[in-house]
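Chain residues, written in single-letter form:
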Amino acid sequence: MSPDTDLAARIRYVLVRTSHPGNIGSSARAMRTMGFGRMALVSPFRFPDREASALAAGADDVLEGAVVSEGLVEALAGTSLALGLSARRRGVDLEEISPREAARRALVAAARGEQVALVFGNERTGLENEELARCHAMVRIPSVDDFSSLNLSQAVQVMAYELRVASLGEVAAPVRADAEPPADAAQMERFYEHLAQMLDDIDFHKGRAPTTIMLRLRKLFQRAQMDERELRVMHGIFADAQRMAQIANTTLKGNKD
Ligand code: SAH
């Protein structure tokens, strides 16, 4: 994703009342490395500034394009989803989500053509309650309780990274035309029936109730998300096991007779 792709262009990073111009520069760099270029600054303490440019380390295009406004409402203009980054809850009744979930929601919205804002607070005071109240959810990077606050630009980096990974996943995992179709629920039910029958035939249960083990095996095979070809292989294995069990039973019986 480069800064001019449609999705990236619909996601803006809003830095509210930033005290240190160096953090604005580092944030621009963090964004740029992950393919983002839209920065909005709400009442920055000092901007433009030499320190911001120095720490941007070449991401000057992001700084040059930064839109400065006086209030958050103005910075959020046109957005339909705002996610507020905060190290701690502040008595605001707002859903708390992880950076990963935030990235997912942001991309879904951006893919629908919506504009999305990620809102970051002041270095010392964070986001005020009124600012968080403008957001649809609060994003908390799961840091430790007794030292929870990341440097502003590092919080920007975490969020930009999650968005980057999520967007690469979307591109990298298209459904291949020649891929085997995944097994559906009915096919899985038939698979479990065959599995249970086969276990019975090979006398796996030895008098124990099969309920618990079948639940365990269900969990295991649900996790595997098998496709139809894999399912056919498993049915083949079960059928062979059943055939061998039958041969063994017949032989045993023959020996007894
Ligand atoms: N003392 C402030 C810390 C602000 S750090 C506070 O408690 O909020 C500057 C900004 O970086 C924060 O406003 C937030 O947007 C972001 N940030 C820092 N640590 C974070 C974390 N653990 N989770 C989410 N955002 C975080």
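Just so you know, these numbers come straight off a predicted model, no measurement behind them.

Asker: Give me the lowdown on the overall build of the chain, citing residues and values where you can.
Answerer: Each helix and strand in the chain was counted, giving eleven helices and seven strands. Against the compact-globule benchmark of 18 Å for 257 residues, the chain has a radius of gyration of 28 Å, which places it well outside the compact range. For the chain, the C-alpha atoms occupy an extent of roughly 95 × 40 × 30 Å along the three principal directions. The burial tally for the chain puts 40% of its 257 residues in the buried class. Of the contacts made within the chain by residues no fewer than 6 positions apart, 83% connect residues no fewer than 24 positions apart. Put simply, the chain shows about 14,900 Å² of open surface, and 53% of that area lies on carbon and sulfur atoms. Both charge centroids of the chain, one from 32 positive and one from 35 negative side chains, sit 4 Å from each other.

Asker: Residue-level account of the nonpolar core, with values.
Answerer: Tyr13, Met39, Phe120 and Leu163 are the most contacted members of the largest nonpolar core, which has 41 residues in total. Discounting residues that sit within four places of it in the chain, phenylalanine 120 has contacts with Tyr13, Val14, Leu15, Val16, Leu85, Leu127, Leu152, Ala155, Val156 and Met159. Judged by nonpolar contacts, the second largest core, of 16 residues, contains Val16, Val42, Leu72 and Leu76.

Asker: An account of the pattern of salt bridges is needed here, citing residue identities and associated values.
Answerer: Taken as a whole, this structure holds 13 salt bridges when the rule is applied. The salt bridge partner of glutamate 128 is arginine 17, with a shortest N-O separation of 3.8 Å. On the criterion of sequence distance, the pair formed by glutamate 128 in the loop between strand E6 (115-120) and helix H7 (129-132) and arginine 17 in the loop between strand E1 (11-16) and helix H2 (21-33) is long-range, its members being 111 residues apart. A relative accessible area of 32% means that glutamate 128 is categorised as partly exposed. Overall, the relative accessible area of 24% leaves arginine 17 in the partly exposed class. For arginine 140, the salt bridge is made with glutamate 96, and the minimal N-O distance between the two is 3.2 Å. Taken together, the residues arginine 140 in the loop between strand E7 (137-139) and helix H8 (152-172) and glutamate 96 in strand E5 (residues 96-97) connect sequence positions 44 residues apart. Residue class for glutamate 96 comes out partly exposed when judged on its relative accessible area of 37%. When salt bridges with common partners are traced through the structure, they connect Glu95, Glu101, Arg104 and Arg105 into a single cluster.

Asker: Can you explain the packing of helix H9 (residues 185-201) against helix H10 (residues 211-224)? Please cite residues and give values.
Answerer: With their axes 11 Å apart at the nearest point, H9 and H10 run at an angle of 135° to one another. Judged by the inter-axis angle, H9 sits oblique to H10. Between H9 and H10 lies a crossing of right-handed hand. Residues Met188, Glu189, Phe191, Tyr192, Leu195, Ala196 and Leu199 of H9 form the contact with H10, whose own contacting residues are Met214, Leu217, Arg218, Phe221 and Gln222. Here the contact of H9 with H10 is composed, by residue class, of nine nonpolar, one polar and two charged.

Asker: Quick rundown of the packing of H9 against helix H11 (residues 228-256)? Include the residues and the values.
Answerer: For the pair H9 and H11, the least separation of the axes is 9 Å and the interaxial angle reads 20°. One element, H9, and the other, H11, form an angle in the roughly parallel class. The two elements H9 and H11 meet at a crossing, and its hand is left-handed. Between H9 and H11, the residues in contact are Gln187, Met188, Arg190, Phe191, His194, Leu195, Gln197, Met198 and Asp201 and Glu228, Leu231, Met234, His235, Phe238, Ala239, Ala241, Gln242, Ala245 and Asn249, respectively. Per-class residue counts for the contact of H9 with H11 are ten nonpolar, six polar and three charged.

Asker: A description of H10 should follow, citing residues and the corresponding values.
Answerer: Taking 1.5 Å of rise per residue, the 14 residues of H10 would be expected to cover 20 Å, and the 20 Å separating its terminal C-alpha atoms lies within 8% of that figure. For H10, the complete set of buried residues consists of Met214, Leu217 and Phe221. An end-on view of H10 places all buried positions within 65° of arc, on one side of the element. Turned more than 90 degrees away from the buried face of H10, the exposed residues are Thr211, Thr212, Leu215, Arg216, Lys219 and Arg223. Contact partners of the buried residues in H10: H9 and H11.

Basis of the calculations
- Residues numbered from 1 in each chain as written.
- Predicted model: local features only at pLDDT ≥ 70, side-chain atom pairs only at ≥ 80, totals over all residues.
- Heavy atoms only, no water.
- Helix = DSSP H or I, 4+ residues; strand = E, 2+ residues; numbered from the N terminus.
- Rg over C-alpha atoms; globule rule 2.2 N^0.38 Å.
- Buried < 20%, exposed > 50% of the residue type's maximum accessible area, 1.4 Å probe, protein only.
- Contact = heavy atoms within 4.5 Å.
- Areas by Shrake-Rupley, 256 points an atom, 1.4 Å probe, with all protein chains shown as cover.
- Lys, Arg positive; Asp, Glu negative; His and termini not counted.
- Charge placed at Lys NZ, Arg CZ, Asp CG, Glu CD.
- Core = buried A, V, L, I, M, F, W, Y, C linked by side-chain atoms within 4.5 Å.
- Salt bridge = Lys/Arg side-chain N within 4 Å of Asp/Glu carboxyl O.
- Axes fitted to C-alpha atoms, helices over the stretch in contact; angles between N-to-C directions.
- Parallel < 35°, antiparallel > 145°, perpendicular 65-115°, else oblique.
- Left-handed = near helix turned anticlockwise from the far one by under 90°.
- Nonpolar A, V, L, I, M, F, W, Y, C, P; charged D, E, K, R; others polar.
- Expected span 1.5 Å × (residues − 1).
- Arc of directions from axis to C-beta.

That's the geometry; what it means functionally is another story.
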